[in-house]
Amino acid sequence: MKRLAIFASGSGSNAEQITKYFHNKQSGVSVELILTNKSNAFVLERAKKLGVETKVFDRDAFYHSDKIVDLLKSKDIDLVVLAGFLWLVPKNLIAAFPDRIVNIHPALLPKYGGKGMYGSHVHHAVVANKEKETGITIHLVDEVYDNGAILRQEKCEVSDADTPDQVAEKIHELEYEHFPKTIEEYLSKI
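Numbers given for residues are sequential positions, taken from 1 along each chain in its written order. Where local features are concerned, this predicted model is filtered to residues with pLDDT of at least 70; where side-chain atom pairs are given and counted, the filter is 80 or more; whole-chain, interface and lining totals use all residues. Side-chain measures here rest on the full set of heavy atoms in the structure, leaving out hydrogens and waters.

J.: Is there a simple way to think about the overall build of the chain in this case?
T.: Counting its regular elements, the chain contains seven helices and seven strands. Strands are runs of DSSP state E lasting at least 2 residues, helices are runs of H or I lasting at least 4, and numbering of each runs from the N terminus. For the chain, the sequential pattern of α-helices and β-strands runs β-α-β-α-β-α-α-β-α-β-α-β-β-α. At 16 Å, the chain has a C-alpha radius of gyration in line with the 16 Å of a compact globule built from 190 residues. If you line up the chain on its principal axes, its C-alpha atoms span 50 × 35 × 35 Å. For each residue, the accessible area found with a 1.4 Å probe, counting protein chains only, is set against the maximum for its type, and the residue is called buried under 20%, exposed over 50%, and partly exposed in between. Counting all 190 residues of the chain, 49% fall into the buried class. The globule rule used for comparison is 2.2 Å times the number of residues to the exponent 0.38, while the radius of gyration itself is calculated over C-alpha atoms.

J.: Hey, could you run me through the sheet that holds strand β7 (residues 150-157) in this one?
T.: To summarise the sheet geometry, strands pair through backbone hydrogen bonds and adopt either a parallel or an antiparallel arrangement. In spatial order, the strands read β3-β2-β1-β4-β5-β6-β7; together these seven strands make up an open sheet with mixed pairing. The outermost strands of the open sheet, each flanked by one partner alone, are β3 (53-56) and β7. With strand direction ignored, the average angle separating the axes of adjacent strands in the sheet is 20 degrees. A pair of strands is labelled paired if DSSP reports no fewer than 2 bridges between them. Direction of pairing for strand β1 (residues 2-8) relative to strand β2 (residues 29-36): parallel, over a ladder of seven bridges. Looking at the pairing, A8 lines up with T36 of β2. To obtain each axis, a line is fitted to C-alpha atoms, and for helices this fit is confined to the stretch in contact; angles are then taken between N-to-C directions over 0 to 180 degrees.

The following block contains the structure:
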């Protein structure tokens, strides 16, 4: 059994899709824990409905202690998944899970990456710059925002009439389709 921990900061729609994907497939992969840095994040409601254990943590626990690393190790986590998690991952977590932390970014990196480029900020920038395409990037995590080795990129067209919200819908479709599959493929290699 491969065991996942998912970090999310907001709604948690990707966390829910990943959890359901592996539950429905009965693939030998289990989401053991969903963690968030926001006590009011909707991901906590989703996790409750899915029957997944949750943990809310603060900046001190994440950046100035080994509490999160120790928790993940106590759950025998094989892969850490960042699904809409906005904080930079600290060195101690990267060291504890080398090449075992995966992130999804709502753009075709290296475009529209880095600190502050997340969610609607990315979609507004894509539309403002009149891009003809955008997409998602699923990558390993290192000590720099949106910088690790790319596992997969998927594209979609952006029309001149698309609003940032319409771009977001296209991105969500790509995320829901490809993120769980990419996690599954990567797990088969580790």
